[in-house]
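Breakdown of the fold
Here are the chains, one letter per residue:
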Amino acid sequence: MSHGSPLEEHPVIRDYKDFDRKSGIWAERLLFNNRVIIVLVCLALTLFLGFQATKLKLVASYEKVIPTHQPFIVNYLAHKEELSALSNVVRIAVENKDGTIYDKDYLNVLRKINDEVFLMPNVDRPYMKSLWTPATRWTGVTEDGLDGGPVIDESYDGSPSSLQAVRRNVERSGEIGLLVASNLKSSIVLVPLIETNPDTGQKLDYRAFALRMNQLRAKYQSAKIGIHIVGFAMLMGDLIIGMRKVLMFFVVAVGICSVLLYWFTRCVRSTAMVMLCSIVAVVWLLGILPTMGLDLDPYSILVPFLVFAIGMSHGAQKMNGITQDIGRRTHRLVAARYTFRRLFMAGFTALLADAVGFAVLLVIQIQAIQDLAITASIGVALLIFTNLILLPILLSFTGVDAEAAARSLQAENKSLHDVNQKKHALWAFLDLFTRAKYAKIAIVVSVLLAIGGAVVGSHLKIGDLQPGAPELRQSSVYNRDDAFITKAYAASTDVFVTMVTTPALSCMLYPTLVKVDDLEWKLQNLPGVVSTNSLAAITRKMNVSMNEGGKPWYDLPRNQDTINFIVNRAPRELFNVNCDFLTVYAYLKDHKADTLKSVVAVVSKFAAENDTKDVKFLLAAGNAGIDAATNIVVEKANSEMLLLVYSAVMVLAYVAFRSVRAVVCVVLPLALTSILCEALMVTLGIGVKVATLPVIALGVGIGVDYALYVLTVTLTYMRQGMSLSDSYYRALLFTGRVVVLTGVTLGIAVATWVFSPIKFQADMGILLAFMFVWNMLGALILIPALARFLLPARLFVNKSP
């Protein structure tokens, strides 16, 4: 840090001709002696990348949000062909508000919806299912044996007799509670989707699909007919459509930052330059992504604002330093170079910590989070240039308003003149924490907060804590549709599938079906399971039907020929053509973390006790199975991620300060914020999941900025022989007020996200606002309190940085 020691005693040079252009390190000389070229290159880059940014797409992918290396998902992907009807499914519930499904007009609307959806691109047509598809069949027992056919056959003409036939066929199909609502007032159009269209090679456009579904809803919904649509594709589409509103919140946040920064500086030029450089970083980021072949998804849409926020924080520090030097009547170019020397290393270290905070997310084997990590790391890398280099260069051209500079210097001089008399009330209060009495109080309160936060945070849950889609509000159309389907159908939208592998042609063997039946019974006894289905369950039902409905026959027949006869007419989604793979469906009441954990525990234990060389029970498929796998990965990654990010911050802080004690002063306030953040998540009912996991790491990475700036300046004055109190007070005047400005400004800006219709954005806004403010308080209160005991002045007197 030879060039990074801030607040060195630089001479006031009013004319640049009197400045030694060869002074400073090579990087300073290279940049500032060629500043016109630097600005022109940045302008060209901004124009080019701004054009490239117009090509950026906001996309979503089903497989990007699942942990493809987790054993459950490996099993699912290995049998994806057999499970194609479960991969990415949309359910359209068509409701008859005035009667039942046995209505001519209702069935006519259902047929039109079925036909229209069937022709949509990316629909896996062979596996699509509704009352109108040939795959939906009934099976009955006659004097001649088993009989069956489509639920709605070619003879249907809408007459009372044909409607009666439909009723009879539905009752014999076993679809009541599955494809048909238990109250017979609605039925499902089951629409499996293909991620990549085999005809065109085009990826599924979730926004376009959701818009088609909304058009379908508007076309057929009426006073008599209700349309309810759920599924991953609909959820992602709704999120992408709602991102326009998210962008409005970004605009509001940028506006708040601009207004408060101007209020602080009272200088249009410097405010404009800080905002411009932060926006340039965002433009470069958005332009680089399509150039590299990358896209934004709903989970990384918040990254551009985070980049802007970090840039504004660092930019305000640079602007503040230049303003104070210009107030001393230093030439604006000399002031820019002085500020570059003083704060570059602290800013570089802080941005490196930010980048590490993002980069550690790469350890999480979920592509959506890895993409977020890559996107954010690129953004932070760009800030090193735009806000640590470009901003001082631009301010060396524009300077700052003379009155603003004089006002800033006057305030500083007055405070320094009164340092032993009457200090500014806020700074005087904060300076109290350099004294033993108040430092002890701050540390004790922090310990108590940490203990209380740890107790509350111990109840932090992994995964979703609310029914429906937690990414959206409970009052959203999607979640109201999900609640309707969950209530009306025994087969809920949360499906956990256990896969069973056997030798070829052995899935129907009696010993295998006995084990499957036993697993079903165990699952049915779980409070979170609404119903189950499997080849064993179908065999039981058909056996009792073949024996005049006698209850004693509701069992698995021991005669293999009877089983073979039944299985040949069973639904194909329960086993594959080779009969070496079958599925056990568990329909859950929700996908909350506790529900999934209980199902995983039962199936895992059952598999451990019943797996043989030939028959194996594999977890897991279905949306609930994938959620369970994701929860497992997130739970493991949560602790690993925090360990890595804190290790990196400690290493970087040690490199910056060359003092273990200084590292402790930096890290403990961050740790307190992390503990309290987890407690806040418990209080607000927010679980650790794909959408919220990155926030915890980001809070550490972004929060270290405040600590590095405050402690860097404090230690510099202490090395000049000043006491901790005087050093910290001068640090507050030089950089502390900017820390307060950025902490409060960014906290207010992201707090506005609480009004977003996108629930996970609202959650992130609350958590980020909390972290911005608490990291600021930790830097301003806890660092001096810890320094009082860990960093006595005698350790630093006459020692170079």
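The model shown is predicted, which means the values in this text are computed figures rather than measured ones.

What the rule picks out here adds up to one disulfide. Two residues, C507 and C579, share a disulfide whose sulfurs are 2.0 Å apart. The disulfide joining C507 to C579 has a torsion of about -90° about its S-S bond and is therefore left-handed. You can see C507 sitting in the loop between β6 (494-501) and α17 (510-524) and its partner C579 sitting in the loop between α19 (560-567) and β8 (581-588), a full 72 residues away along the chain. Judged by its relative accessible area of 0%, C507 is buried. C579 sits in the buried class, given a relative accessible area of 3%. Summary of cysteine pairing: C267 is not part of a disulfide, and the nearest cysteine sulfur, belonging to C277, is at 14 Å.

Time to look at the side chain of S534. By the element assignment, S534 lies in strand β7 (residues 529-534). Exposure remark for S534: the relative accessible area of 0% places this residue in the buried category. Within the structure, the side chain of S534 is placed 3.2 Å from the backbone nitrogen of A536, a separation counted as a polar contact. Non-local contacts of S534, meaning those with residues more than four positions away in its chain, are made with V516, E520, L574, T583 and V584.

Next up on the list: helix α5 (residues 104-118). Compared with the 21 Å implied by 1.5 Å per residue over 15 residues, the 21 Å span of α5 between its first and last C-alpha is a close match. Within α5, burial applies to Y106, L107, V109, L110, I113, N114 and V117. Summarising the axial view, the buried residues of α5 lie within an arc of 160°, below the 170-degree limit, and thus occupy one face. Packed against the buried residues of α5 are β1 (89-96), α6 (160-173), β4 (186-192), α7 (206-220) and β5 (225-231). Measuring from the side-chain oxygen of the N-cap residue of α5 to the backbone nitrogen of D105 gives 3.1 Å; that N-cap residue is D103.

Rules used throughout
Residue indices begin from 1 for each chain and proceed along its sequence in written order. In view of the model being predicted, local features appear only for residues whose pLDDT reaches at least 70, and side-chain atom pairs are presented and counted only at 80 or more, with totals across whole chains, interfaces and linings using the full set of residues. Computation of side-chain values: all heavy atoms of the structure, hydrogens and water removed. The disulfide definition used here is simple: a pair of cysteine sulfur atoms within 2.5 Å. Runs of H or I in DSSP of at least four residues are treated as helices and runs of E of at least two as strands, each being numbered from the N terminus. With a 1.4 Å probe rolled over the protein chains alone, any residue whose accessible area is under 20% of its type maximum counts as buried; one over 50% counts as exposed, and the rest are partly exposed. In protein, a polar contact requires one atom able to donate a hydrogen and another able to accept it; more generally it is a pair of N or O atoms within 3.5 Å, and residues adjacent in sequence count only if both atoms are side-chain atoms. By the convention used here, residues are in contact when the closest approach between their heavy atoms is within 4.5 Å. Multiplying 1.5 Å by the helix residue count minus one yields the expected span of that helix. Arc definition: directions from the helix axis to the C-beta atoms.

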